[in-house]
Amino acid sequence: MYSNGSKSYNTCIVGFGVKEYLPAYLDPSIKDSDLLTGVSFASGGSGYDPLTSTLAVVIPLSVQLEMFKKYISKLKIKVGEEHAKHIIANSVYFISAGSNDFLTNYYIYPIRRLKYDVLGYGKMLVKFAMDYIQEVHKLGARRIVVFSTPPLGCIPIERTIAGGLHRKCVNKYNKAAQLFNRMLKQEIVFLSGSLPETRVAMADLYNPLISIIENPHQYGLEVTDRGCCGIGIIEMSFSCNKLSKLCRDDSKFLFWDSLHPTEKGCDIYINLILPNLLKSLF
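Residues numbered from 1 in each chain as written. Predicted model: local features only at pLDDT ≥ 70, side-chain atom pairs only at ≥ 80, totals over all residues. Heavy atoms only, no water.

### Describing the pattern of salt bridges
With the rule as written, the count across this model stands at five salt bridges. One salt bridge in this structure joins Lys85 and Glu81, with 3.8 Å as the shortest N-O distance. With a gap of four residues between them, Lys85 and Glu81 both fall in helix H5 (residues 81–90), about one helical turn apart. (Salt bridge = Lys/Arg side-chain N within 4 Å of Asp/Glu carboxyl O. Helix = DSSP H or I, 4+ residues; strand = E, 2+ residues; numbered from the N terminus.)

### What about the packing of helix H11 (residues 206–214) against helix H12 (residues 263–281)?
Packed helix pairs are specified by the crossing angle of their axes together with the interaxial distance, meaning the distance between the axes. Packing of H11 against H12 brings their axes to within 10 Å, and their N-to-C directions diverge by 135°. The angle between H11 and H12 falls in the class oblique. Like other packed secondary-structure pairs, H11 and H12 cross with a definite hand, here right-handed. Residue-level inspection shows Pro208, Leu209 and Ile212 of H11 in contact with H12, the latter providing Ile268, Tyr269, Leu272 and Ile273. For the contact of H11 with H12, the class distribution of residues is seven nonpolar, no polar and no charged. (Axes fitted to C-alpha atoms, helices over the stretch in contact; angles between N-to-C directions. Parallel < 35°, antiparallel > 145°, perpendicular 65-115°, else oblique. Left-handed = near helix turned anticlockwise from the far one by under 90°. Contact = heavy atoms within 4.5 Å. Nonpolar A, V, L, I, M, F, W, Y, C, P; charged D, E, K, R; others polar.)

### Comments concerning the sheet that holds strand E3 (residues 199–203)
Whether parallel or antiparallel, the strands of a sheet pair through hydrogen bonds between backbone atoms. Read from one edge to the other, the open sheet built from three strands follows the order E1-E2-E3, with strand pairing classed as parallel. Only two strands of the sheet have a single neighbouring strand rather than two, namely strand E1 (93–96) and E3. Neighbour-to-neighbour, the strand axes of the sheet open up by a mean angle of 20°, direction not taken into account. In this sheet, strand E2 (residues 143–147) lies alongside E1 in parallel orientation, the contact comprising four bridges. Its bridge partner lying in E2, Tyr93 is registered against Ile144. (Pairing = 2+ DSSP bridges.)

### So, the state of the cysteines
This structure, assessed with the given rule, holds three disulfides. A sulfur-sulfur separation of 2.0 Å characterises the disulfide bridge that pairs Cys228 with Cys247. Across the S-S bond of Cys228 and Cys247 the torsion is about -95°, and the bridge reads as left-handed. Within this pair, whereas Cys228 is found in the loop between strand E4 (223–227) and strand E5 (253–255), its partner Cys247 is found in the loop between E4 and E5, the two being separated by 19 residues in sequence. Two residues share a disulfide in this structure: Cys229 and Cys240, whose sulfurs sit 2.1 Å from each other. Between Cys229 and Cys240, the disulfide has an S-S torsion of -125° and is therefore left-handed. Of this pair, Cys229 sits in the loop between E4 and E5 while Cys240 sits in the loop between E4 and E5, and the two are eleven residues apart along the sequence. Since its relative accessible area comes to 1%, Cys229 is described here as buried. We classify Cys240 as buried; its relative accessible area is 1%. Taking only the cysteines that form disulfides and numbering them from first to last, the chain has the pattern 1-2, 3-6, 4-5. (Disulfide = S-S within 2.5 Å. Buried < 20%, exposed > 50% of the residue type's maximum accessible area, 1.4 Å probe, protein only.)

### A look at the environment of Asn207
The topology assignment puts Asn207 in helix H11. Considered as a pair, Asn207 and Tyr269 are 62 residues apart in the sequence and their alpha carbons are 9.6 Å apart. Polar side-chain contacts of Asn207 include one of 2.8 Å to the side chain of Asp204. (Polar contact = N/O pair within 3.5 Å; in protein donor to acceptor, adjacent residues only side chain to side chain.)

### Here we look at helix H6 (residues 99–106)
Of all the positions in H6, only Asp101, Phe102, Leu103, Asn105 and Tyr106 are classed as buried. Next to the buried residues of H6 lie helix H3 (50–56), helix H7 (110–113), helix H8 (118–138), helix H9 (156–162) and helix H10 (171–194).

### Describing the side chain of Glu235
Within the secondary structure layout, Glu235 lies in the loop between E4 and E5. It turns out Glu235 is buried and unbridged, and the closest side chain with the opposite charge, Arg167, is 8.9 Å from it. From its side chain, Glu235 meets the backbone nitrogen of Gly232 in a polar contact 3.1 Å long. If we skip the residues at most four places from it in the chain, Glu235 touches Cys229, Gly230, Cys240, Asp257 and Ser258. (Lys, Arg positive; Asp, Glu negative; His and termini not counted.)

Scope: geometric values only; no functional claims are made or implied.
Written out as C-alpha cells, the structure is:
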C-alpha cells in the first residue's frame, strides 16, 4: 500500500471539484465515462530520467505518453473530434517526477554519478522535463501543473539510511532538491511565456513540507520523522500490508510508510498550495 487513503493528485482533483478518485488508465474495470473526467497514466517509481524507470522496472514517461495518445483516440471515438479537443484543452495535467531520479537512481547506482555531478544531473532532468511538457502540449494540453521535488533528505527512509544515529534530515539530498527545483522553476517560467494560450504552473512541495516537518503541531500532526506502518523507518510500499502493525492514530502522522504521505498529510500540503495553483491556471 502506498498510502492509507487518497494521494496528492486525488486530493488535487477533489480541490478542483472534478471527482473523488482518479482511476488508472490501465485499470481493466475503467469505464468509458471515466475518459470524460480524467484518468491517471502514472507509474510508481518512474522518473524524468529513462534509466530510473529501467532500474525500477516500471512504465517510463515515454510509454505513459503513448498511453495518453491512445486515450485521445478513444475519447474522439466516444464524443467526436471537436468535443474531444475541447476536453483535452480545458483539462488540467499533473506531472510529478524527479524524486525517484535522485533517490532510487543517482544516489543508489553509480551509472549517472560517474558522468554527472548533482548540478549536471539536475540540468539533464530539467531538460527531460521540458521536453516532456512540450510533448504533452503538442497533444493539446493547455493547463499543466508540474510538481517540484519535496525535501528528499527528510523522507523517513532517507533519514534511516543516511541521516546518522539520530536520523536527521540529509542535507545533501535537500540541497539537491532545492537546486533542481530552482532550475525547474526558471525553465517553467520561460516555457510558459513561449507557449501560446498555455499556462504551466509549478506546484511547490518543498517549502510547505519543510514547514510541516518542522512545525507539525501547527498543522495538527505529531509525528513527521517516521511512518505509521510498522516501525516507520524502513517499511514502504508492499512491505506495508494487512500483516503490518500500524500506529494507533494515522491522522497524527505525516507519513504512512517510510516514503509516502498519509491521506491527512496529502490534504494538508495540497491545501497549502491549492489557492496559488488555481490562480496560476485559471
